[in-house]
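Descriptive structure summary
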Amino acid sequence: MIQKKTLAALEKVVSALAPLDPEARRQVIEATHTLVEISAGRQGGDEKKPAKRKKR
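Read on for an overview of the structure. Position numbers for residues count from 1 along each chain, tracking the sequence in the order it is written. Reporting in this predicted model follows two pLDDT cut-offs: at least 70 for local features of residues, and 80 or more for side-chain atom pairs to be given and counted; totals over whole chains, interfaces and linings ignore these cut-offs and use all residues. To obtain the side-chain values, all non-hydrogen atoms of the structure were included, while hydrogens and water were left out.

What to know about the overall build of the protein
Formally: Each helix is a run of DSSP H or I of at least 4 residues and each strand a run of E of at least 2, with the numbering of both proceeding from the N terminus. Using a 1.4 Å probe on the protein chains alone, a residue whose accessible area is under 20% of its type maximum counts as buried, one over 50% counts as exposed, and one in between counts as partly exposed. Where accessible areas are quoted, they stem from the Shrake-Rupley method and a 1.4 Å probe; at the residue level, only the protein chains shown are allowed to cover.
Each helix and strand in the protein was counted, giving two helices and zero strands. Every one of the 56 residues in the protein was classed for burial, and the buried ones make up 4%. When the accessible area of the protein is evaluated, it comes to approximately 6100 Å², of which 59% is carbon and sulfur surface.

Following this line, the structure appears as structure tokens:
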């Protein structure tokens, strides 16, 4: 459900930016980027663990 909402929002953003010239589009993207809080991430928390073998 969240993926559909995210895709719909992204489609609206792209359609809103389409009529702008490249410089205005860049300014909007930069301004939006400053509003988004970006964390340091999980620092290796996304590493894949070795697959466990199934017991027979």
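Overview of the environment of Val28
How we decide: Note on definitions: a residue-residue contact is assigned when non-hydrogen atoms from the two residues lie within 4.5 Å.
Considering the arrangement of structural elements, one finds Val28 in helix H2 (residues 22–35). It is 8.3 Å that separates the C-alpha atoms of Val28 and Leu17, two residues lying 11 residues apart in sequence. In this structure Val28 touches Leu17 and Leu20, once residues within four positions along its chain are discounted.

Thoughts on the pattern of salt bridges
Rules: A carboxyl oxygen of Asp or Glu within 4 Å of a side-chain nitrogen of Lys or Arg is what we treat as a salt bridge.
Applying the stated criterion across every chain yields a total of two salt bridges. The partner of Glu23 in a salt bridge is Arg26, and the shortest N-O contact between them spans 2.4 Å. Here Arg26 and Glu23 lie together in helix H2, a separation of three residues that amounts to about one turn. Owing to a relative accessible area of 38%, Glu23 belongs among the partly exposed residues under this scheme. Arg26 is the partner of Glu30 in a salt bridge, and the nearest nitrogen-oxygen pair spans 2.6 Å. Taken as a pair, Glu30 and Arg26 lie in helix H2 at a separation of four residues, close to a single helical turn. Classification of Arg26 by relative accessible area gives partly exposed; the value is 36%. A single salt-bridge network, built from bridges that share partners, covers Glu23, Arg26 and Glu30.

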